[in-house]
Amino acid sequence: MQSSDPRHFFETDAEIAKRERREAKTSNTYGNPIKLKSKILGAVVDPVAPSTAIFVAESAGAVRRVQVDGEGDTSTVYRGPTTPVSCVAVGGPGNKIVFAGAWDKNIWSWDIDTRAPARKYAGHSDFVKAIVCAKLSGKDVLVSGGADKKLIVWDVATGSKLHVLQDSVVNMLSIQDLVVDPACSSPDELCIVSASSDPHIRRWKIRLDGWEQFAEPDPATPAAERHTILVHETTVYKLVIDHEGDEVDLWTASGDGTAKCLSRIRGFTSDDIFEHGDHVRAVAVTDQWVITAGRDEDLKIWDRTSGKLYCSLEGHYDEVTELVILRGSAGSSERVCSVSIDGTVRTWALDKASLDAAVEEQKKPIKPAEEEKPDGEGLLTADEEAELAALMEDDD
């Protein structure tokens, strides 16, 4: 098999230094890492166990359920794709189907309980990069976005395309994320917000009999019509609807190094800005904290009220691709789960005492790691490694 070890290829001094720094971090146990054998490209909470489990999208071409407590059970795996899985969602009747968007341009699905393969949705002409599930006029629907610059709305039961959405006014690039906006959705009209490799955020109205893109007065120039929300300088990677706040604001994470809160009552203009300092791939919010993460590998925890940085959490040794809030059961605090290209799932308690203890633990020296021999499972070929790196850099 063709090697994917970077040491078998020419490396610049900067690349060597970066690799050596990451190798020095591999043995740390911050965040109680659960180590998988492939890169993790996405994650969502398990709605059946929202305080203890997530589903992750693996570059090895699988979806895996990860139980973050106890021994960290990772034995439940959903297989089928032979290319990397880039995104994952849970939905369908009774939230009993797990969906996966893959590099093979398809969306795969499985019965969560039996792991039996279900319907495959084919229609994109390039990688599927984002998926989200919803209800529309009583139907279970799936909305997907791809590197082909399209959104597709699917009937989950039949697998048929209901609509193909494209921006006819402002050039839309590869889709990065999709989220349902419940504040402006109704039983018969679904509001979807999309982020893409261009800096524009788009809002879409979807019905069974049609769709349209939001067009509304521009807050900066009320006489002008606005088809997109433009608050970032480059790629918007992540969108989060804030269910903690009364205003149900929209949070964003961007390659320009910032995460922003877009105020709904102010026409989705920037209300709070958090300067993470490098490409921000993920953002998560609680009533107390704003958490950002991305290319610089660290999680940054911000005080939501003051906007000040409370602490940074080290642990990952490659880019963080997703943050998932685990809602605490009665009497327990919330936690945040972080996943990364380094193949680890890490979980961090968000009460102040636990955060302070994590910062103190990081001050201790890391024990050297014993070199592990790769067994080949979950590894990408050199071409796939290069293609993944190009995708992660597609905003530069």
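That block above? That's the structure.
Thresholds, definitions, all that
Residues numbered from 1 in each chain as written. Predicted model: local features only at pLDDT ≥ 70, side-chain atom pairs only at ≥ 80, totals over all residues. Heavy atoms only, no water. Core = buried A, V, L, I, M, F, W, Y, C linked by side-chain atoms within 4.5 Å. Buried < 20%, exposed > 50% of the residue type's maximum accessible area, 1.4 Å probe, protein only. Helix = DSSP H or I, 4+ residues; strand = E, 2+ residues; numbered from the N terminus. Contact = heavy atoms within 4.5 Å. Pairing = 2+ DSSP bridges. Salt bridge = Lys/Arg side-chain N within 4 Å of Asp/Glu carboxyl O. Phe/Tyr/Trp six-rings, centres within 6.5 Å; stacked < 30°, edge-to-face > 60°. Lys NZ or Arg CZ within 6 Å of the ring centre and 35° of its normal. Arc of directions from axis to C-beta.

Caption draft 1: Structural context of the nonpolar core. Counting residues in each nonpolar core, the largest one holds 18 residues, and the members touching the most others are Ile-291, Leu-299, Ile-301, Leu-313, Leu-323 and Leu-350. Those elements that provide at least two residues to this core are strand 25 (280–285), strand 26 (289–294), strand 27 (299–303), strand 28 (309–313), strand 29 (320–326) and helix 2 (352–362). Leaving out residues up to four positions away in the same chain, Leu-313 has contacts with Asp-298, Leu-299, Ile-301, Trp-348, Leu-355, Ala-358, Val-359 and Gln-362. Counting 16 residues, the second-largest nonpolar core is a separate cluster that includes Val-143, Leu-165, Leu-178 and Trp-204.

Caption draft 2: Spotlight on the sheet that holds strand 31 (residues 344–349). One open sheet accounts for four strands, arranged 1-31-30-29; its pairing is antiparallel. Looking at the sheet topology across the chains shown, the edges are occupied by strand 1 (34–35) and strand 29. Inspection of the sheet shows strand 30 (residues 335–340) paired to strand 31 by five bridges, in the antiparallel sense. Residue pairing across strands places Val-336 opposite Trp-348, the latter belonging to strand 31.

Caption draft 3: Structural detail: the pairing of strand 11 (residues 139–146). The element strand 11 is largely enclosed, with a buried count of seven among its eight residues. Sheet topology note: the strand 11/strand 12 (residues 151–155) ladder contains five bridges and is antiparallel. Looking across to strand 12, one finds that Ser-144 is bridged to Ile-152. Adjacent in sequence and paired antiparallel, strand 11 and strand 12 are bridged by four residues, among which Lys-149 carries a positive phi angle near 70°.

Caption draft 4: Spatial organisation of the pattern of salt bridges. Inspection of every chain in the model, using the stated rule, returns 25 salt bridges. Of the charged contacts in the structure, one is a salt bridge between Glu-58 and Arg-64, with a shortest N-O distance of 2.5 Å. Of the residues examined, Glu-58 reaches a relative accessible area of 2% and is grouped as buried. Judged by its relative accessible area of 12%, Arg-64 falls in the buried class. In this structure, the salt-bridge partner of Arg-327 is Glu-334, at a minimum N-O distance of 2.6 Å.

Caption draft 5: Expanded view of the packing of aromatic side chains. Tallied over the entire structure, the rule returns nine aromatic pairs. With a centroid separation of 5.7 Å and 70° between ring planes, the pair formed by Tyr-121 and Trp-154 is classed as edge-to-face. Taken together, the residues span a long stretch of sequence, with Tyr-121 in strand 9 (residues 121–122) and Trp-154 in strand 12 at a distance of 33 residues. In this pair, the class of Tyr-121 matches that of Trp-154, namely buried. Each residue in the set Phe-55, Tyr-78 and Trp-110 is aromatic and connected to the rest through ring pairs, giving one cluster. The ring centre of Trp-108 lies 4.4 Å from the NZ or CZ of Lys-120, which sits over that ring. The ring of Phe-214 carries Lys-205 above its face, with NZ or CZ at 4.8 Å from the centroid.

Caption draft 6: The arrangement of helix 2 in detail. The complete set of buried residues in helix 2 reads Leu-355, Ala-358 and Gln-362. On an axial view of helix 2, the arc spanned by its buried residues comes to 60°, and they lie on one face.

Caption draft 7: Region of interest: the sheet that holds strand 8 (residues 106–111). Spatially, 6-7-8-9 is the arrangement adopted by the four strands of the open sheet, whose pairing is antiparallel. Each of the sheet's edge strands pairs with one partner strand only, and the pair in question is strand 6 (85–91) and strand 9.

Caption draft 8: Highlighting the environment of Asp-126. Locating Asp-126 in the fold gives a position in the loop between strand 9 and strand 10 (128–136). Asp-126 sits in the partly exposed class, given a relative accessible area of 28%. Taking the C-alpha atoms as reference points, Asp-126 and Lys-150, 24 residues apart in sequence, are found 9.6 Å from one another. For Asp-126, the contacting residues outside a window of four places in its chain are Lys-105, Ala-147 and Asp-148.

Caption draft 9: The arrangement of the pairing of strand 7 (residues 97–102) in detail. In terms of burial, strand 7 is largely enclosed, as six of its six residues are buried. As judged from the six bridges shared by strand 6 and strand 7, these two strands associate in the antiparallel manner. When the bridges of strand 7 are listed, Gly-91 appears paired with Ile-97. What sits between the antiparallel neighbours strand 6 and strand 7 is a turn of five residues, in which Gly-92 has the positive phi angle 75°. The pairing of strand 7 with strand 8 spans five bridges and is classified as antiparallel. Each bridged residue has a counterpart across the sheet, and for Val-98 the counterpart in strand 8 is Trp-110. Between strand 7 and the antiparallel strand that follows it, strand 8, lie three residues; Lys-105 among them carries a positive phi value of about 80°.

Limitation: the analysis is restricted to geometry and does not speak to function.
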